[in-house]
Amino acid sequence: SSPQVKETLAAALVMLSYWRNGRPLVTPLCRGGTIAIEAAMIGLKMAPGIGRPFACEDWSTDYLSLSQELRNEAESRYDKKLDTRILAFDHDERMIAKARANAKFARVTDAIHFDCADLHQIRNQRRFGCLVAVPPSEEHFSSIRERDEYYHQLPDLFRRLPTWSHYVLADFRKLESLLGRPADRRRKLYSGGTPMTYFQFHGPKPVTNAPNDDATDLDDKMTPE
């Protein structure tokens, strides 16, 4: 298993990537779906915290009135639908069920397609997408062999998405050596107090009218082998 990514960190990972509404986004090993959900909220222009109450609303009718005015303004900016659904995968059906429940609670069910799949099963025909991965931390692997088996699947996954940008938040120092290329950018981030590196491997700049760029959501839906 791997730890859940905090909402703030998940949002930061998305915002530090090249992903924008309209481009495909894949999150392997999605766990509770936090990255996919935060990306959907960003793409839909949903205001953070719009679905929860705030303490100031109990202070007086003036604060309640102002809060409702701000909520109405935020709702008016809400896009309601993504141009391309986000794809989130996990090898554990229980995690997929949990992620779907979390997406429903966050009101972004229609923006995300969840599917049960291992890394070697993930493929996509769209071009110029973004893959955001958060592998288990070192302490969550049961053995060095299990860790190495996981990371050795990443080069093949990246090769199956050659025109995509790839982003990996990990504490695995040999990642660049394994992939055979240096990251275009590295950022130091913390997950639960643990120092991590956000490896950013930039793909080619998108071109207009590229083949497969007009694919429908049905083309985005991955079918396991």
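The structure we're discussing is the one just above.
Residues numbered from 1 in each chain as written. Predicted model: local features only at pLDDT ≥ 70, side-chain atom pairs only at ≥ 80, totals over all residues. Heavy atoms only, no water.

### A few points about the environment of Tyr-167
Cut-off, in case you're wondering: For the purposes of this entry, the term helix denotes a DSSP run of H or I that reaches at least four residues, the term strand denotes a run of E that reaches at least two, and both are numbered from the N terminus. Residues count as neighbours in contact if any of their non-hydrogen atoms are within 4.5 Å of one another.
Assignment of secondary structure puts Tyr-167 in strand β5 (residues 165-170). Not counting residues up to four positions away in its chain, the partners in contact with Tyr-167 are Leu-16, Ser-17, Tyr-18, Cys-130, Leu-131, Val-132, Ala-133, Tyr-198, Phe-199, Gln-200 and His-202.

### Here's the deal with the pairing of strand β6 (residues 185-191)
Keep this limit in mind: Two strands qualify as a pair provided that DSSP identifies no fewer than 2 bridges between them.
Bridge count between β6 and strand β7 (residues 194-201): seven bridges; the pairing is antiparallel. Considered in β7, the bridge of Arg-185 is made with Gln-200. The antiparallel pairing of β6 with β7 creates a hairpin that spans two residues between the two strands, and Gly-192 there sits at a positive phi of about 60°.

### Thoughts on the nonpolar core
Nonpolar side chains in soluble globular proteins tend to be buried together. Quick reminder of the rule: In these notes, a set of buried Ala, Val, Leu, Ile, Met, Phe, Trp, Tyr and Cys residues joined through side-chain atoms within 4.5 Å is what counts as a nonpolar core. In this scheme, a residue with accessible area under 20% of its type's maximum is buried, one over 50% is exposed, and one in between is partly exposed, where area comes from a 1.4 Å probe on protein chains only.
Leu-13, Ile-86, Val-108, Ile-112, Phe-114 and Leu-169 are the most contacted members of the largest nonpolar core, which totals 35 residues. Among the secondary structure elements, those contributing two or more residues to this core are α1 (7-15), α2 (34-43), β2 (86-90), α4 (93-105), β3 (112-116), β4 (130-133), β5 and β7. No other element matches α2, which puts six residues into this core. When near neighbours in sequence (up to four residues on either side) are disregarded, Leu-169 contacts Leu-9, Leu-13, Ala-133, Val-134, Pro-135, Leu-189, Met-196, Thr-197 and Tyr-198. In this structure, Ala-117, Phe-141, Tyr-151 and Phe-158 belong to the second largest nonpolar core, which totals 25 residues.

### Some points on the pairing of β3
What counts is decided by this rule: Convention used here: a crossover is right-handed provided that the path from the first strand, over the helix, to the second strand proceeds clockwise when the strands point away from the viewer.
Along β3, four of the five residues are buried, which leaves the element largely enclosed by surrounding structure. Pairing of β2 with β3 involves five bridges; the strand directions are parallel. Directly across from Phe-89, in β3, lies its bridge partner Asp-115. Of the crossover connections in this fold, the one passing from β2 over α4 to the parallel β3 is right-handed.

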